[in-house]
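Notes for the structure review
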Amino acid sequence: MSLLVVGLSHRSAPVSVLERASLAADTQAKLLQDTLAAEPATEAAVLATCNRIELYADVDKFHAGVAELSTLLAQHSGVGLDELTPYLYVHYEDRAVHHLFSVACGLDSMVVGEGQILGQIKDALARGQELHTAGRLLNDLFQQALRVGKRAHSETGIDRAGQSLVSFGLQQLAAGADPGLWAQGKRALVIGAGSMSSLAAATLARTGVAEIVVANRTRSRADRLVEILQQGDDTTVRAHAVEMSAVGDELTRADVVVSCTGATGLVLTADALADALGVTLDAPAEAPAVTAVPAPADVDQHAAWVENGSATSAPEAPRRVTLPAQSTGPVKLALLDLAMPRDIDGAAHRIDGVRLVDIESLADASADAPMAADVDQVRTIVADEVAAFGAAQRAAHVAPTVVALRTMAADVVAGEIARLDGRLPDLDEKQRAEITQTVRRVVDKLLHAPTVRVKQLASEPGGAGYADALRELFDLDPQTVAAVSRADLNDPNRGRS
């Protein structure tokens, strides 16, 4: 196994870099295809969310793999390699497995314990399967990550350690008040009708807003979301859909706006928000200076850190640029921006009566949140599952050799029985069957102990060499072993659930 992940997230890069590096669906597909075409990679998968972009690959050369994956991320994100490199982290083999399992459990999320990442990991796997870039290793890895994430949520109270990004965002908008009491009687405008916007609308409905207006570029999707909201048994919220062109008018009547679209530019500018409220946009305040983080010389420095075991990632970038304090007056319009790149102009915080919470401020608010005791349980689960996954992969590595050995033994038995038929042609069927069965039992008993033991030894750290020893001792044809591996890799049922 030579698993490599190169990526950046809210923990390593400022939001401004994550916004610019975000990947559209078609760009992700091209990135996967180009990664597979690169010499060091034989499999690839990309996990792209609003706060992380990670490229996973099975590589045969570590240093070349780091350089190639970093270059491809830079090319497809549109952020120059020199600028992107300081924010990239690199994980290799067991550390890469540990990273994905931690991500799947919500330990690496902005809001610890949130479960939405499981759906995003499932989407990443489905994309790799659809494009045939995810082979045996990545299929096994992502399937196991999903199981580990589900296990963490079912066996621990990790859900209590954090909430969904939507719930946490509404808490921040409520500014310490009970979100249910804060939302009572409010009119909400939801912009977008994708998975995050749908979750936001459902959360708002359960929280107790009086009315929800949904705006989306595709009107039919907005209508469908409204229909789902009105069918809910746990809410009596009024809901209706509007065209995107009506957003300006709806802003004048809204108390809360949640936006999460796939737009590449701003959906709501500061000027449009000021116009809707009938106020004047204040002059921009000077942003505080950001202390630069020393950047590694190049991507090879990342490789050196990982190879030497001194670090698993680049030095962390400055966590965030702190915006000037928002208005302390009464809030007329509460804005929650869950999009990446952002939908709502960051300058909206300067508008009197506006409270803006976005991915950036959510990261700041959650950075110092207390860690629940359940997090330690999840970390233990992750450590155990990483060890089990590594053992299973090492055992799987020797399996084709064991299959090839047993195939060779079966061929030897068949050949000797054929010779016996030539020498003793008068044997009846019963005698021949008894002799054949006896020879097979002898061979099976002779092979049982070494094949069981080699699987056990191969599952231990450093056990990869036992497969080579078995091939050498029994003079197995390497092409026969490779053919078994290819047949397993091409099994259409492998990795599907």
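The text that follows walks through the structure, step by step, so that each part is easy to find. (Residues numbered from 1 in each chain as written. Predicted model: local features only at pLDDT ≥ 70, side-chain atom pairs only at ≥ 80, totals over all residues. Heavy atoms only, no water.)

1. With respect to the overall build of the protein
Looking only at helices and strands, one finds 20 helices and 10 strands in the protein. Look at the contacts in the protein between residues 6 or more apart in sequence, and 75% of them connect residues 24 or more apart. Entry remark: accessible area of the protein is about 23300 Å², with carbon and sulfur atoms responsible for 51%. (Helix = DSSP H or I, 4+ residues; strand = E, 2+ residues; numbered from the N terminus. Contact = heavy atoms within 4.5 Å. Areas by Shrake-Rupley, 256 points an atom, 1.4 Å probe, with all protein chains shown as cover.)

2. Looking at the sheet that holds strand E10 (residues 354–358)
As summarised here, the arrangement of the six strands in space is E7-E6-E5-E8-E9-E10, forming an open sheet in which the pairing is parallel. The open sheet is flanked by strand E7 (238–242) and E10, the only strands paired with a single partner. Strand-to-strand, the axes of this sheet are offset by a mean angle of 15°, without reference to chain direction. Here strand E5 (residues 187–191) runs beside strand E6 (residues 211–215); their pairing, made up of five bridges, is parallel. Residue pairing across strands places valine 190 opposite valine 214, the latter belonging to E6. Lying on the sheet, helix H9 (residues 165–174) is in contact with strand E8 (256–259), strand E9 (333–337) and E10; it crosses E9 at an angle near 150°. (Pairing = 2+ DSSP bridges. Axes fitted to C-alpha atoms, helices over the stretch in contact; angles between N-to-C directions.)

3. With respect to the packing of helix H6 (residues 116–130) against helix H7 (residues 136–155)
At their nearest, the axes of H6 and H7 sit 10 Å apart, and the two run at 165° to each other. In terms of orientation, H6 and H7 fall into the roughly antiparallel class. Note on packing geometry: the crossing formed by H6 with H7 is left-handed. Counted together, Leu118, Ile121, Lys122, Ala124, Leu125 and Gln129 of H6 and Leu138, Asn139, Phe142, Gln143, Ala145, Leu146, Gly149, Lys150 and His153 of H7 form the full contact between these two elements. A per-class count over the contact of H6 with H7 returns eight nonpolar, five polar and two charged. (Parallel < 35°, antiparallel > 145°, perpendicular 65-115°, else oblique. Left-handed = near helix turned anticlockwise from the far one by under 90°. Nonpolar A, V, L, I, M, F, W, Y, C, P; charged D, E, K, R; others polar.)

4. Thoughts on the pattern of salt bridges
Taken as a whole and judged by the stated rule, the model has 23 salt bridges. The shortest N-O distance in the salt bridge between glutamate 211 and arginine 238 comes to 3.4 Å. Here arginine 238 lies in strand E7 and glutamate 211 lies in strand E6, a separation of 27 residues in the sequence. Its relative accessible area of 14% is what places glutamate 211 among the buried residues. Between glutamate 243 and arginine 219 there is a salt bridge, with its nearest N and O atoms 3.2 Å apart. Of this pair, glutamate 243 sits in the loop between E7 and helix H13 (247–251) while arginine 219 sits in helix H12 (residues 219–231); the two residues are 24 residues apart in sequence, bridging distant segments of the chain. (Salt bridge = Lys/Arg side-chain N within 4 Å of Asp/Glu carboxyl O. Buried < 20%, exposed > 50% of the residue type's maximum accessible area, 1.4 Å probe, protein only.)

5. A look at unusual backbone geometry
Residue methionine 340 is joined to proline 341 through a cis peptide bond whose omega torsion reads 5°. Positionally, proline 341 belongs in the loop between E9 and E10. Unusually for a residue other than glycine, histidine 132 sits at a positive phi of about 60°. Among the secondary structure elements, histidine 132 is positioned in the loop between H6 and H7.

6. Details of the side chain of threonine 436
Inspection of the secondary structure puts threonine 436 in helix H18 (residues 429–458). At 2.9 Å, the side chain of threonine 436 forms a polar contact with the backbone oxygen of arginine 432. (Polar contact = N/O pair within 3.5 Å; in protein donor to acceptor, adjacent residues only side chain to side chain.)

7. Considerations on helix H14 (residues 270–277)
Residues of H14 that are buried include every one of Ala270, Leu273, Ala274 and Ala276, and no others. Taken down its axis, H14 places every buried residue within 160° of arc, on the same side. For H14, the secondary structure elements touched by its buried residues are H13 and E9. At the exit of H14 stands glycine 278, carrying a positive phi of roughly 70°. (Arc of directions from axis to C-beta.)

8. Thoughts on the environment of glutamine 377
The residue glutamine 377 is located in helix H17 (residues 374–423) in this model. The class of glutamine 377 is partly exposed, set by a relative accessible area of 41%. Separated by 220 residues in sequence, glutamine 377 and glycine 157 have C-alpha atoms that sit 8.8 Å apart. Here glutamine 377 is in contact with Glu155 and Thr156, once residues within four sequence places are set aside.

9. Re empty space enclosed by the protein
Following the criterion strictly, the structure yields one cavity of 30 Å³ or more and no others. The volume enclosed by the largest cavity comes to roughly 130 Å³. Residue lining of the largest cavity: 13 residues in total, with Cys50, Asn51, Ser109, Glu114 and Gln120 positioned closest to the centre. Of the residues forming the lining of the largest cavity, the biggest block, three residues, is contributed by H6. Along the lines of polarity and charge, the residues of the lining of the largest cavity split into six nonpolar, five polar and two charged. (1 Å grid on protein atoms, 1.4 Å probe; cavity = no way out; pocket = protein on both sides within 12 Å on 5 of 7 lines; lining within 4 Å. Points joined across faces, edges and corners; volume = space filled by probe spheres on them.)

10. Observations regarding the layout of surface pockets
Taken as a whole, the largest pocket spans an internal volume of roughly 1200 Å³. Around the largest pocket, the lining is made up of 40 residues, and of these Ala48, Cys260, Thr261, Gly262 and Met340 lie nearest the centre. At six residues, the largest contribution of residues to the lining of the largest pocket is made by H6. In terms of residue class, the lining of the largest pocket is built from 20 nonpolar, 15 polar and five charged.

11. With respect to the sheet that holds strand E2 (residues 41–49)
Pairing is antiparallel across the open sheet formed by four strands, whose spatial order is E2-E3-E1-E4. Both outer strands of the open sheet, E2 and strand E4 (89–92), are each paired with one neighbouring strand and no more. Taking each pair of neighbouring strands and ignoring which way they run, the sheet shows an average axis angle of 15°. Taken together, the eight bridges between E2 and strand E3 (residues 52–59) define a ladder with antiparallel strand orientation. Bridge pairing links leucine 47 to glutamate 54 in E3. Running at roughly 35° to strand E1 (residues 3–9), helix H3 (residues 62–77) makes contact with E1, E3 and E4 of the sheet. The strands touched by H7 are E1, E2 and E3; relative to E2, the strand with the most contacts, the crossing angle is about 30°.

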